[in-house]
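# Structure assessment
Spelled out, the chains give:
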Amino acid sequence: MALGHPHIHLGKVGSTNDRARELAQAGAPHGTMVSALVQTAGRGRQGRAWTNPAGVMAQSFVLRRADCTPELLPIAAAVATARVCGDEAKIKWPNDIWVDAGMPPRKVAGILIESRMPADWFVVGIGLNVAVDPADLGDAAARAGTLGQPASSMPVWRRRLVKELDRALALPADQVLGEWRERDGLFGKELVWDSGEGVAAGVDDEGHLLVRGADGAFQSLVAGEVHLQPLVP
Ligand code: BTN
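Cut-offs applied
Residues numbered from 1 in each chain as written. Predicted model: local features only at pLDDT ≥ 70, side-chain atom pairs only at ≥ 80, totals over all residues. Heavy atoms only, no water. Near = heavy atom within 4 Å. Polar contact = N/O pair within 3.5 Å; in protein donor to acceptor, adjacent residues only side chain to side chain. Areas by Shrake-Rupley, 256 points an atom, 1.4 Å probe, with all protein chains shown as cover. 1 Å grid on protein atoms, 1.4 Å probe; cavity = no way out; pocket = protein on both sides within 12 Å on 5 of 7 lines; lining within 4 Å. Sits in = over half its atoms within 2 Å of the grid points. Helix = DSSP H or I, 4+ residues; strand = E, 2+ residues; numbered from the N terminus. Salt bridge = Lys/Arg side-chain N within 4 Å of Asp/Glu carboxyl O. Buried < 20%, exposed > 50% of the residue type's maximum accessible area, 1.4 Å probe, protein only. Contact = heavy atoms within 4.5 Å. Pairing = 2+ DSSP bridges. Points joined across faces, edges and corners; volume = space filled by probe spheres on them. Nonpolar A, V, L, I, M, F, W, Y, C, P; charged D, E, K, R; others polar.

## Comments concerning the site of the ligand
What surrounds the ligand is a group of 21 residues, the closest being Ser-15, Gln-39, Arg-43, Arg-45 and Lys-107. Within the side chain of Gln-39, a nitrogen or oxygen atom sits 2.9 Å from a nitrogen atom of the ligand. Lys-107 places a side-chain nitrogen or oxygen 2.5 Å from an oxygen atom of the ligand. The protein chains hide 99% of the 410 Å² of surface that the ligand would expose on its own. Assessed atom by atom at 2 Å from the grid points, the ligand resides in the largest pocket. Elements with a contribution of two residues or more to the shell around the ligand: α1 (16-25), β3 (56-64), β6 (106-115) and β7 (121-129).

## Comments concerning the pattern of salt bridges
Tallying each qualifying case throughout the model produces eleven salt bridges. Residues Glu-225 and Arg-48 are paired through a salt bridge, measuring 3.1 Å at the closest nitrogen-oxygen approach. Of this pair, Glu-225 sits in the loop between β11 (218-221) and β12 (226-228) while Arg-48 sits in the loop between β2 (33-39) and β3, placing them 177 residues apart in sequence. Judged by its relative accessible area of 37%, Arg-48 is partly exposed. Counted as one network, the salt bridges with shared partners bring together Asp-18, Arg-21, Arg-43 and Glu-114.

## Here's the deal with the side chain of Gln-39
By the secondary structure assignment, Gln-39 is in strand β2. The buried category is assigned to Gln-39, whose relative accessible area is 8%. For Gln-39, the side chain forms a polar contact with the main-chain nitrogen of Thr-16, separated by 2.7 Å. Looking at Gln-39, its side chain comes within polar contact range of the side chain of Asn-52, at 2.5 Å. Leave out the neighbours within four places in its chain, and Gln-39 touches Val-13, Gly-14, Ser-15, Thr-16, Trp-50, Asn-52 and Ala-58.

## Quick notes on the pairing of strand β10 (residues 209-212)
As a general feature of sheets, a regular strand has side chains that alternate between the two faces. In β10, alternate side chains face the same way, and those of Leu-209 and Val-211 are buried while those of Leu-210 and Arg-212 on the opposite face are not. With three bridges connecting them, strand β9 (residues 196-203) and β10 associate as antiparallel partners. Paired with Val-203 across the strands is Leu-209, a residue of β10. In this structure, the hairpin formed by β9 and β10 is closed by a connection of five residues, where Gly-207 is found at a positive phi of approximately 85°. The pairing of β10 with β11 spans four bridges and is classified as antiparallel.

## Overview of the layout of surface pockets
The computed volume of the largest pocket comes to approximately 700 Å³. Residue lining of the largest pocket: 36 residues in total, with Arg-48, Ala-49, Trp-50, Lys-107 and Ala-140 positioned closest to the centre. Those elements that provide at least two residues to the lining of the largest pocket are α1, β3, β5 (96-100), β6 and β7. Its residues placed into classes, the lining of the largest pocket shows 14 nonpolar, 13 polar and nine charged.

As structure tokens, then:
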């Protein structure tokens, strides 16, 4: 079944990820897409809220384990979203998209991937600032970017996203990792995270972030959040 079919489009919803999860649990097929004009309880990674007035393009996809490679889902979703955002778009591990890598960098899209073991489904939720004015994004305003496109063009951008996600999910692992690495916005940058600090050194073949500590030793970070030094969330 192709991505984006069936497509359920809602005016207003709490979270498209929550709605997609309900549909997944009820047996929705691989590729089902739930989109909304406005989310009133949008969710981000690490338990954060995702502010979603009109102008943010929000959609969540139901993917079935049998039809995708789950280990590299965050990598593939980031590559797809970055390609929609343009040649200059960078990825902040694991899958934030920056359009302006200045200081602070401007985040234009975020991705939230959820599942519940041992279920055979994943929900890939993508929020992309297509038409929103960053000033309308509350606490995120200072570090948010936008594609600055007319709201009327949202269906076109959504079709691009579906096409790119379809493509990225079908790529062999080495190619999708290669494309991710070409857009690595953290490479060589000084980072700080929960339990340490070091310099970003790319991703390994599982998509884990490699960091080099002051002692020269490498370690890989599997999940969580890293921040640029000086501290940028
Ligand atoms: C992040 O940057 O922390 C991830 C943000 C993910 C936002 C998207 S918008 C569509 C989907 N529905 C949600 O509630 N969250 C994701």
